[in-house]
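The primary structure of each chain is shown beneath.
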Amino acid sequence: MKRKISTLFSRKSGRGRDLGQCVAALVIALTLTVTGAAGYAASIFEPQALLVEPAAVYQEEEDTAVPSQKAPAAPSEGETETVEAETAAPEQAEEAETAAEPAEQPEPVQPEAAQPAQPETGVVTEAAAPEETAESAAPEAQAEPQQPAAEENSLPSADEPALYTVSESEAVWQEMTDALAAEDPLAARYEATTITPDANGQITLTPEQFSLMLENQSIDWDQENCLTWFFNWLFNWLFPQKETPSYSGWRTEGGKTYYYDPTTHERLTGLQTIDDKIYYFDANGVRQDNVTFGIDVSRYQQNVNWKKVKAAGASFVIIRIGYRGYGSGALVLDSMFESHFAGAKAAGLKVGVYIFSQAINEEEAREEAFACAYVLNGRSLDYPVYFDSEYSTSSHTGRADNLSKAQRTACAVAFCEELKKYGYEPGVYASTSWFQNHLNLSELKGYRIWNAHYGVSAPSMACDMWQGSCTGTLSGVSSSGVDLNISYMG
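Scoring rules and cut-offs
Residues numbered from 1 in each chain as written. Predicted model: local features only at pLDDT ≥ 70, side-chain atom pairs only at ≥ 80, totals over all residues. Heavy atoms only, no water. Helix = DSSP H or I, 4+ residues; strand = E, 2+ residues; numbered from the N terminus. Buried < 20%, exposed > 50% of the residue type's maximum accessible area, 1.4 Å probe, protein only. Contact = heavy atoms within 4.5 Å. Areas by Shrake-Rupley, 256 points an atom, 1.4 Å probe, with all protein chains shown as cover. Pairing = 2+ DSSP bridges. Core = buried A, V, L, I, M, F, W, Y, C linked by side-chain atoms within 4.5 Å. Expected span 1.5 Å × (residues − 1). Phe/Tyr/Trp six-rings, centres within 6.5 Å; stacked < 30°, edge-to-face > 60°. Lys NZ or Arg CZ within 6 Å of the ring centre and 35° of its normal. 1 Å grid on protein atoms, 1.4 Å probe; cavity = no way out; pocket = protein on both sides within 12 Å on 5 of 7 lines; lining within 4 Å. Points joined across faces, edges and corners; volume = space filled by probe spheres on them. Nonpolar A, V, L, I, M, F, W, Y, C, P; charged D, E, K, R; others polar. Axes fitted to C-alpha atoms, helices over the stretch in contact; angles between N-to-C directions. Left-handed = near helix turned anticlockwise from the far one by under 90°. Right-handed = clockwise from strand over helix to strand, strands pointing away. Salt bridge = Lys/Arg side-chain N within 4 Å of Asp/Glu carboxyl O.

Engineer: Looking at this model, I keep getting lost on the overall build of the chain. Mind explaining?
Structural biologist: Helix and strand content of the chain: 13 helices and 17 strands. When each of the 490 residues of the chain is scored for burial, the buried share is 45%. Considering only residue pairs separated by 6 or more positions, the chain has 67% of its internal contacts joining residues 24 or more positions apart. With the model as given, the accessible surface of the chain reaches about 24,800 Å², and the carbon-plus-sulfur share is 51%.

If you want it as structure tokens, here you go:
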């Protein structure tokens, strides 16, 4: 009588399943030992399957005239009036040239009723230092101390050349023209896209589009994200999960609150806007309530209803004060700055500002710091003044786009140190990959860090503020694709 021998491949013993699991474990082990798994995954699994939520493009209105520079903040706070774009500056310069005794000119006294403008003092001191012993100085040099009081600050006309030396004049800002608006580094984010969303509101990226978005920092696909995605995919392919019930909308489980996407039926994570409210969900999809939310805006967000923004859960806003043109290098005041500042303050929101830098050396970076202080003119802020460092164009042809890491870091440090002279707290804004590859983060530890990183449930680096989404939707903001932030500073 023959005895039946049970083998590894015997169906009855169930060892066929064991063999499959052994093979799967072997595959995972081999994959973990292969160097450059992320690059291998990218070459095999092309990003045609990468789905992202598109942001509707805001079409900027043609009327971008600089608003009146009268002080926008509530008078009760004692804020002084700021830059006023009129033709008074040339007339005052002419009067200064024909003033009487040179010895009497270097002693201008600001009206006691006006709040002293800190930037004015800094400029006069720097300009007068080389000539303080020359009593027979030229009329142009002697006219320098004749700086107007804070309420008489003025912008140069559109025809005047940009000024790149702080000590030359206080009038460093240019009025926005069509030509200067075309040099706005932020415009790249709002350029029309040819990618068409599908029926579910998602878009599929080709490898070329994916690479372009990486370069433009529209997405931040670092190595950690790539590895996580690859191993999750591999695990789910080898060990498919049992089907689970499909949920949509809000759901409370075990005393924790989640929100299931109505389309994918997956739990939402990270910064989200739902039903005109801002929410934050951790990596497990659990809603977190003790969070300080905010948004950031520029001239691309117009007709903002700040009361609705506050009702949506925002407690602060970071407003762009201006930018340096990526071609000419002219400093351009954001045409919506004063309006945004006044509206946010009136609604009870805390305020900080940022400038999109295109400084190519430390001198220009210090000028940008001075320019911010000049416009703020002593007005108090609740959050820092940020130095925005990133590419200005998708083709990387901006004047500062190809600086070395050391040069760009030196500019950031020069900006921050100069800004502190005027009593404002400095900070630096950049994406995670930009901080890692284009800035020496170790040299910026003494300043506030504002980190932009999308598609993750938490910032992947230490920071004081996290910009976790650029696709928020709020009825209080006319344009789609609102930047959502969390502050860890309170």
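The structure having been displayed, the exposition proceeds.
Engineer: Help me understand the pairing of strand β10 (residues 314-324) in this model?
Structural biologist: The side chains of a regular strand alternate, first on one face of the sheet and then on the other. Burial runs high along β10: ten of the eleven residues are buried. Relative to β10, strand β9 (residues 292-297) is paired through five bridges, and the arrangement is parallel. Each residue of the ladder has a partner; that of Asp296, found in β10, is Ile318. Between β10 and strand β11 (residues 331-333), which pair antiparallel in sequence order, lie six residues; one of them, Gly329, sits at a positive phi of approximately 85 degrees.

Engineer: Even after reading the chapter, I still don't get the nonpolar core, so can you show me in this structure?
Structural biologist: Nonpolar side chains tend to gather and get buried jointly when the protein is soluble and globular. Membership of the largest hydrophobic core comes to 66 residues, with the highest contact counts inside it found for Trp173, Ile295, Trp306, Ile321, Leu376, Val385 and Phe415. Considering each element in turn, this core owes the most residues, nine residues, to helix α11 (residues 362-376). Those residues in contact with Val385 that lie beyond four places of it in its chain are Val353, Cys372, Leu376, Phe415, Leu419, Tyr424, Glu425, Pro426 and Gly427. Ranked by size, the runner-up nonpolar core spans 20 residues in total, among them Leu186, Phe316, Phe356 and Tyr454.

Engineer: So what exactly am I meant to see when it comes to helix α12 (residues 405-420) here?
Structural biologist: One turn of an α-helix holds 3.6 residues; hence residues three or four places apart share an orientation. Between the first and last C-alpha of α12 there are 23 Å, a value that for 16 residues agrees with the 22 Å anticipated at 1.5 Å per step. Looking only at α12, the buried set comprises Arg408, Thr409, Cys411, Ala412, Ala414, Phe415, Cys416, Glu418 and Leu419.

Engineer: Looking at this model, I keep getting lost on the packing of aromatic side chains. Mind explaining?
Structural biologist: Describing an aromatic ring pair means giving the distance of the ring centres and the angle of the ring planes. Applying the stated criterion across every chain, the model contains 15 aromatic pairs. Taking 5.6 Å as the distance between ring centres and 55 degrees as the angle between the ring planes, the aromatic pair formed by Phe337 and Phe341 counts as tilted. Pair noted here: Phe337 and Phe341 are both in helix α10 (residues 337-346), with a separation of four residues, about one helical turn. When its relative accessible area of 0% is taken as the criterion, Phe337 is described as buried. Accessibility expressed as a relative area gives 0% for Phe341, which makes it buried. Ring geometry for Tyr354 versus Trp450: centroids 6.1 Å apart, planes at 80 degrees, classification edge-to-face. In this pair, Tyr354 is assigned in strand β12 (residues 350-356) and Trp450 in strand β15 (residues 448-452), connecting sequence segments 96 residues apart. Judged by its relative accessible area of 1%, Trp450 falls in the buried class. One aromatic cluster in this structure is built from Trp250, Tyr259, Tyr279 and Phe281. Across from the ring centre of Tyr258, 3.8 Å away, lies the NZ or CZ of Arg267, which sits over that ring. Over the ring of Phe341 we find Arg379, and its NZ or CZ is 4.7 Å from the ring centre.

Engineer: For this particular structure, what's the right way to read empty space enclosed by the protein?
Structural biologist: Summary: where empty space remains is shown by rolling a probe the size of a single water molecule over the atoms. Applying the stated criterion across every chain yields a total of three cavities of 30 Å³ or more. Here the largest cavity is characterised by a volume of approximately 80 Å³. The computed volume of the second largest cavity comes to approximately 50 Å³. Every residue along the wall of the second largest cavity is listed here: Leu186, Arg189, Tyr190, Asp296, Val297, Ser298, Gln301, Tyr354, Gly481, Val482 and Asp483. Contributions of two or more residues to the lining of the second largest cavity are made by β9 and β17 (482-487). The class makeup of the residues in the lining of the second largest cavity is five nonpolar, three polar and three charged.

Engineer: Hey, could you run me through the packing of α11 against α12 in this one?
Structural biologist: Describing two packed helices takes the angle between their axes plus the distance from one axis to the other. Contact pair α11 / α12: the axes reach a minimum separation of 8 Å and the direction vectors enclose 35 degrees. For the crossing formed where α11 meets α12, the hand is right-handed. The segment α11 lies against α12, with Glu362, Ala365, Arg366, Glu368, Ala369 and Cys372 engaging Ala410, Cys411, Ala414, Phe415, Glu418 and Leu419. Class assignment of the residues belonging to the contact of α11 with α12 gives a composition of eight nonpolar, no polar and four charged.

Engineer: Got a minute to help me understand the pairing of β12 in this structure?
Structural biologist: Burial runs high along β12: six of the seven residues are buried. As defined by bridge partners, β10 adjoins β12 across seven bridges and the pair is classed as parallel. Looking across to β12, one finds that Arg320 is bridged to Tyr354. Bridging between β12 and strand β13 (residues 385-388) involves four bridges; their strand directions are parallel. Bridge assignment links Tyr354 to a residue of β13, and that residue is Tyr386. Handedness of the β-α-β unit built from β12, α11 and β13 comes out right-handed.

Engineer: Just checking my understanding: could you explain the pattern of salt bridges for this structure?
Structural biologist: Between side chains of opposite charge, a pair can form as their charged atoms come close. Enumeration over the complete set of coordinates arrives at 16 salt bridges. Between Arg324 and Glu368 there is a salt bridge, with the nearest N and O atoms lying 2.7 Å from each other. Placement of Arg324 in strand β10 and of Glu368 in helix α11 is noted, with a sequence separation of 44 residues between them. Across the pair, Glu368 and Arg324 agree in class, each one buried. For the salt bridge of Lys421 with Glu418, the shortest nitrogen-to-oxygen distance reads 3.2 Å. On the accessibility criterion, Glu418 (4% relative accessible area) is buried. A cluster of three or more residues bridged by salt bridges with shared partners is formed by Arg324, Glu364, Glu367, Glu368 and Arg399.

Engineer: What exactly am I supposed to notice about the sheet that holds strand β8 (residues 287-288) here?
Structural biologist: With antiparallel pairing, three strands are arranged side by side in an open sheet as β6-β7-β8. One side of each edge strand has no neighbouring strand; the edge strands of this open sheet are β6 (270-274) and β8.

Engineer: Got a minute to help me understand α10 in this structure?
Structural biologist: For α10, the tally of buried residues reaches seven of ten residues, placing the bulk of the element in the interior. If you check which residues of α10 are buried, you get Phe337, Glu338, His340, Phe341, Gly343, Ala344 and Lys345. On the buried face of α10, the contacting elements are β9, α9 (306-311), β10, β12 and α11.

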